[in-house]
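Commentary on secondary and tertiary structure
Read off the chains here:
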Amino acid sequence: QVQLVESGGGLVQPGGSLRLSCAASGSSFSIYAMGWFRQAPGKQRELVATITNRGTRNYADSVKGRFTISRDNAKNTVFLQMNSLKPEDTAVYYCNTRRYYYSNYGDSNWGQGTQVTVSS
């Protein structure tokens, strides 16, 4: 089973930057892809960025051009560099896996997430 541990969140002013990290452990199988989700109060959890083990990246329109997802496949670790942060980016950020090509993003148990607050 995969365990997911997110870190790197915090309080930042609008226009600032944060770098989130997510470590996936506990599985002997390679992971096809990983992604970052976020959930703001009263809102649906949304998928904001994904990256496959071949390096193909996709972003939600709301973060495109500001966020960059990267990964270390050997360590099953994914990062999210967040620049030009806006108050609407405030949310709990979670990572999750797409363990196989035929599965969906979010096919592992959720970790605790890491809080990102963008405020003056």
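Report follows, based on the coordinates. (Residues numbered from 1 in each chain as written. Predicted model: local features only at pLDDT ≥ 70, side-chain atom pairs only at ≥ 80, totals over all residues. Heavy atoms only, no water.)

So, on to the sheet that holds strand E3 (residues 18–25). The strand order across the open sheet formed by four strands is E1-E3-E8-E7, and the pairing between neighbours is antiparallel. Since the sheet does not close on itself, it has two edges, and those belong to strand E1 (3–7) and strand E7 (67–72), each with one partner. Taking each pair of neighbouring strands and ignoring which way they run, the sheet shows an average axis angle of 15 degrees. Across six bridges, the pairing between E3 and strand E8 (residues 77–82) is antiparallel. When the sheet's bridge partners are listed, Ser-21 is paired in E8 with Phe-79. (Pairing = 2+ DSSP bridges. Helix = DSSP H or I, 4+ residues; strand = E, 2+ residues; numbered from the N terminus. Axes fitted to C-alpha atoms, helices over the stretch in contact; angles between N-to-C directions.)

Enumeration over the complete set of coordinates arrives at one disulfide. Across the disulfide, Cys-22 is cross-linked to Cys-95 (sulfur-sulfur distance 1.7 Å). Residues Cys-22 and Cys-95 share a disulfide whose torsion about the S-S bond is about 60 degrees; that sign makes it right-handed. Separated by 73 residues along the polypeptide, Cys-22 in strand E3 and Cys-95 in strand E9 (residues 91–98) bring together distant segments of the chain. Neither Cys-22 nor Cys-95 differs from the other in exposure class; each is buried. (Disulfide = S-S within 2.5 Å. Buried < 20%, exposed > 50% of the residue type's maximum accessible area, 1.4 Å probe, protein only.)

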